[in-house]
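Descriptive structure summary
Here is how the chains run, residue by residue.
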Amino acid sequence: MSRIIFFGTGDFAVPSLTALVKDGRFDVLAVVTQPDRPVGRHATITPPPVKVAATILGITDVRQPETLKDAGFQSWIKSVGRSCDAFVVVSYGKILPQWLLDLPKEGVVNVHGSLLPRWRGPSPIQAAIAAGDAKSGVTIMKIDAEMDHGPILSTVETQIAPDETGSSLHDRLAVLGTEALPKTLADFLDGRVSPVEQDHASATTCKILTRDDGKIDWTRPATDIERLIRAYNPWPGCWTLVGGKRLKIHKASVIAGDDAFKPGQCFVFEKQPAVACGEGTALVLDEIQIEGRASVSGAAFVKGFTGWEDRRVA
RNA sequence: CGCGGGAUAGAGCAGUUGGCAGCUCGCCAGGCCCAUAACCUGGAGGUCGCGGGUUCGAGUCCCGCUCCCGCAA
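Chain A is annotated in an unreviewed UniProt entry as Methionyl-tRNA formyltransferase from Candidatus Uhrbacteria bacterium RIFCSPHIGHO2_12_FULL_60_25. Quoted straight from UniProt, the Function (unreviewed entry) entry for chain A says "Attaches a formyl group to the free amino group of methionyl-tRNA(fMet). The formyl group appears to play a dual role in the initiator identity of N-formylmethionyl-tRNA by promoting its recognition by IF2 and preventing the misappropriation of this tRNA by the elongation apparatus." Check the Sequence similarities (unreviewed entry) section of the UniProt entry for chain A; it says "Belongs to the Fmt family."

Laid out in structure tokens, this is it:
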């Protein structure tokens with residue numbers, strides 16, 4: 001059996017870890033994941049999903065170094081790492097330094113949620129939907145010194161559906177990675193697959209997202225805004241300001257607009273709230289949530305929110 | 001105990017200095033129309049989140065509790 005150590009933290013990594021453990025060809029010696037963090041409104045200390053999964057899978061050696069520079073962690077990984085065939089990194093959340101990449105015999109393998117070299121960086125799934133890409137997928141690659149830059153071992157493609165959200169694509173890609181990872185890793189370690197250099201000239205990158213990135217610019221065309229709403233659902237979410245309050249927009253539909261309305265102008269379309277966007281387009285708000293209240297349908301929102309018409313959002 | 005908003009009819013909301021529980025939509029019955037996600041008439045539907053307290057009287061004021069949510073992390 002090939003000896004590996006798994007580095008991972010988020011939900012995206014859980015199916016991959018599960019697949020490797022259950023495959024039978026790999027001995028997952030240990031799991032390295034982020035420390036338990038405060039989560040939610042009451043800042044409850046919560047273990048990362050990978051730690052929970054590792055426990056369920058019966059992996060007893062789970063390491064959660066605050067920093068990879070931690071002396072105890074370093075001495076452990078340096079002694080065990082050299083006896084490993086490979087490390088596998090999925091949604092770990094830290095950049096691995098070169099000395100660590102050099103430890104295992106065959107290097108470090110990564111699962112990335114895009115068709116590299118398109119969308120290098122920390123938000124590839126959102127980026128693909130927001131850009132209106134026809135397809136996305138998972139790339140399994142060897143990690144090198146630069147971000148998502150290493151040679152490719154295998155790729156799995158999938159079409160992006162017209163109603164695809166960041167959430168749905170995230171979940172689908174996590175499973176796609178699951179199906180490809182054990183075979184690709186085994187083939188690589190057995191020498192049946194060789195890494196292929198990326199086409200660096202056609203690379204695109206995406207950035208780390210914050211809540212502010214979800215603030216809607218109503219001067220953009222409705223098509224772009226609608227994609228952004230799907231891409232950023234559920235994280236970081238799209239929102240706007242109405243009457244000084246934050247209005248989250250979970251789901252919207254593009255309609256033909258009215259040139260008489262300036263971008264940001266609110267109106268009612270077939271009993272649903274709508275907002276004028278750029279280039280004479282408009283957006284019907286299907287599922288929205290005002291600050292402090294639960295999420296409701298647009299039609300329901302308009303019934304209780306007096307004066308939606310004649311307002312402007314910003 | 002990080003900051004803040006909320007719980008009122010099936011849905012979404014309003015409710016002023018405490019004084020008969022309201023609005024829009026939906027629902028039921030009837031009417032009108034070539035027609036309607038249109039219009040008209042009538043009707044049903046609430047233990048105002050839960051538990052205490054103040055008061056002649058509490059949706060409203062005070063105390064405690066439960067649940068939902070925005071920000072922050």
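**What about a positive patch on the surface?**
On the surface, Arg211, Lys215, Arg246 and Lys248 cluster together into a positively charged patch. In this structure Lys248 comes out as partly exposed when scored by relative accessible area, which is 38%.

**Structural notes on the environment of Val156**
Here Val156 is to be found in strand E9 (residues 152-159). Taking the C-alpha atoms as reference, Val156 lies 21 Å from Arg25; in sequence the two are 131 residues apart. Leaving out residues up to four positions away in the same chain, Val156 has contacts with Leu115, Ser136, Gly137, Val138, Leu176 and Ala180.

**Observations regarding the pairing of strand E7 (residues 108-112)**
The buried count for E7 comes to 5 of 5 residues, which makes it a mostly enclosed element. Here E7 shows no split at all, with Val108, Asn110 and His112 on one side and Val109 and Val111 on the other all buried. Bridge analysis of strand E6 (residues 86-90) against E7 gives 3 bridges, and the strand direction is parallel. Across the sheet, residue Val89 finds its bridge partner in E7, namely Asn110. Inspection of the sheet shows E7 paired to strand E8 (residues 135-142) by 4 bridges, in the antiparallel sense. Across the sheet, the residue bridging to His112 is Thr139, located in E8.

**Observations regarding the protein's contact with RNA strand B**
Taken together, 17 residues form the shell around RNA strand B, and within it Arg41, Arg211, Gly292, Ala300 and Gly304 come nearest. Sugar plus phosphate, as a fraction of atoms of RNA strand B within 4 Å of the protein: 58%. Contact distances for RNA strand B include 3.1 Å between a sugar or linking oxygen and a side-chain N or O atom of Lys303. At 2.8 Å from a sugar or linking oxygen of RNA strand B is found a main-chain nitrogen or oxygen belonging to Gly304. Among the elements that line the surface near RNA strand B, the one with the most residues is helix H8 (residues 298-304), at 4 residues. A per-class count over the surface near RNA strand B returns 4 nonpolar, 4 polar and 9 charged.

Reading guide: rules and limits
Residues numbered from 1 in each chain as written. Chains lettered and ligands numbered in written order. Predicted model: local features only at pLDDT ≥ 70, side-chain atom pairs only at ≥ 80, totals over all residues. Heavy atoms only, no water. UniProt positions renumbered as here; feature names shortened; annotations may be inferred. Patch = residues over 30% accessible without salt bridge, like charges linked within 9 Å, V, L, I, M, F, W, Y side chains within 5 Å. Areas by Shrake-Rupley, 256 points an atom, 1.4 Å probe, with all protein chains shown as cover. Salt bridge = Lys/Arg side-chain N within 4 Å of Asp/Glu carboxyl O. Lys, Arg positive; Asp, Glu negative; His and termini not counted. Charge placed at Lys NZ, Arg CZ, Asp CG, Glu CD. Buried < 20%, exposed > 50% of the residue type's maximum accessible area, 1.4 Å probe, protein only. Helix = DSSP H or I, 4+ residues; strand = E, 2+ residues; numbered from the N terminus. Contact = heavy atoms within 4.5 Å. Pairing = 2+ DSSP bridges. Near = heavy atom within 4 Å. Polar contact = N/O pair within 3.5 Å; in protein donor to acceptor, adjacent residues only side chain to side chain. Nonpolar A, V, L, I, M, F, W, Y, C, P; charged D, E, K, R; others polar.

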